[in-house]
Amino acid sequence: MKRRMFWLQKRWASSLSLIAISALLVACGEYWEGGEPVAARKMTLGRKVVNMVVGDRYRIPVFFEPDTLSNRAVFWQTEDNEIALVENDTVVAVNVGLTRAYALSVSDRQTDSCWVNVLPPMYINSKLYPYDMVIYADVTIHGHHYTQADEDSLIIAAYSGDDLRGIGKMRQWNDKDYMELRIWSPIRYGGEVQLRCYYRGKALAEVFPDVLEFDGDAHGTLSNLYPLVLDNNAEEYLPAIDPDDYDPYHEDGDTIHVVITDPEP
């Protein structure tokens, strides 16, 4: 892994001068509420890894201790704005890649960070693949039967490694919703296929326990649908990083330094 260091204040000085930010952070270390000074003892981001699709937006949850803190202003910066950037506390996925989002609270200069993993757009050109297999599935997500109404918020897709090979489409037969998932491949037989469920509003991806072998056949029928189930024990899809990575922040007087570790390619 490669390590780099930058001064947090310099990277966050896009709209304020370095001096102004320094003064703001020093002046806002605590505030008065009911006659008593209250400082942010701790700030924690609600996610350590955020999975997003290019073009999606997501506001990372931020939690403070004490939870009665009223000054919840946070400065944000991403390591690489060409992958993801922050607009009004909302992360915007720009291009495929892995970067990190850094947060700094105005109250008492508390810090935390998380990984932002930007996935390719959910689009597949089937003309690139000569072979396919299909699953006719009855889908249950955490006890909820997946229907056509869920397609805007949930995307179910098939992958070979990290290559997108198919996207589920909802259909109806005899007034019953089912999913048709056609999976494409450059070879006639062989290769494992993993299914994932991507929650757009939560910037979260989970992995189905089913691991399929590409065989060119149909799985399930309209009268006997293949059961695809994600239960409460579903594993989150994570890129090849350690979500419990070390704290990258280091304070030196009124300047906060961030040491960035680049994941191995």
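Rules behind the numbers
Residues numbered from 1 in each chain as written. Predicted model: local features only at pLDDT ≥ 70, side-chain atom pairs only at ≥ 80, totals over all residues. Heavy atoms only, no water. Pairing = 2+ DSSP bridges. Helix = DSSP H or I, 4+ residues; strand = E, 2+ residues; numbered from the N terminus. Axes fitted to C-alpha atoms, helices over the stretch in contact; angles between N-to-C directions. Core = buried A, V, L, I, M, F, W, Y, C linked by side-chain atoms within 4.5 Å. Buried < 20%, exposed > 50% of the residue type's maximum accessible area, 1.4 Å probe, protein only. Contact = heavy atoms within 4.5 Å. Polar contact = N/O pair within 3.5 Å; in protein donor to acceptor, adjacent residues only side chain to side chain. Phe/Tyr/Trp six-rings, centres within 6.5 Å; stacked < 30°, edge-to-face > 60°. Lys NZ or Arg CZ within 6 Å of the ring centre and 35° of its normal.

Caption draft 1: How the structure looks around the sheet that holds strand β8 (residues 74-78). The strand order β5-β12-β11-β8 describes an open sheet built from four strands, whose pairing is mixed. Because the sheet does not close on itself, it has two edges, and the strands there are β5 (49-53) and β8. For this sheet, the mean inter-axis angle between neighbouring strands, taken without regard to orientation, is 25 degrees. Direction of pairing for β8 relative to strand β11 (residues 97-105): antiparallel, over a ladder of five bridges. Within β11, the position partnered with Phe75 by the bridge is Leu104.

Caption draft 2: Seen up close, the pairing of strand β17 (residues 169-173). Bridge analysis of β17 against strand β18 (residues 176-185) gives five bridges, and the strand direction is antiparallel. Considered in β18, the bridge of Lys169 is made with Glu180. Linking β17 to β18, which pair antiparallel, is a turn of two residues; within it Asn174 sits at a positive phi near 55 degrees.

Caption draft 3: Examining the nonpolar core more closely. Core analysis: the largest hydrophobic core is formed by 36 residues, its most contacted members being Met52, Ile60 and Met122. It is strand β12 (residues 111-119) that provides the largest number of residues to this core, a total of four residues. The contacts of Ile60, once residues within four sequence positions are left out, are Leu45, Val50, Trp76, Asp89, Val91, Ala101 and Cys114. Core analysis: the next-biggest nonpolar cluster, separate from the first, contains 24 residues, Ala137, Val139, Leu181 and Leu230 among them.

Caption draft 4: Inspection of the side chain of Asn117 at higher detail. Mapped onto the secondary structure, Asn117 falls in strand β12. For Asn117, a relative accessible area of 8% corresponds to the buried category. Reaching out from Asn117, the side chain makes a polar contact with the side chain of Asn51 at a distance of 2.9 Å. Among residues more than four places away in sequence, those in contact with Asn117 are Val50, Asn51, Met52, Gly97, Leu98, Tyr237 and Pro239.

Caption draft 5: Main features of the pairing of strand β19 (residues 192-199). Counting buried positions over the eight residues of β19 gives six, a clear majority of the element. In this structure, strand β15 (residues 154-160) lies alongside β19, joined through six bridges in antiparallel fashion. Across the sheet, Leu154 pairs through a bridge with Tyr199, a residue of β19. Bridge count for β19 against strand β20 (residues 204-213) is seven bridges, and the pairing is antiparallel. In the strand pairing of β20, Tyr199 is matched with Leu204. Here β19 folds back onto β20 in antiparallel fashion, the turn holding four residues, of which Ala203 has a positive phi close to 50 degrees.

Caption draft 6: View of the packing of aromatic side chains. Under the counting rule described, the total for this entry stands at one aromatic pair. Ring centres 6.3 Å apart and planes at 55 degrees place the aromatic pair Tyr136 and Tyr178 in the tilted group. With a gap of 42 residues between them, Tyr136 in strand β13 (residues 131-141) and Tyr178 in strand β18 connect regions that are remote in the sequence. When the ring centre of Trp115 is taken as origin, the NZ or CZ atom of Arg100, which lies over that ring, is 4.7 Å away.

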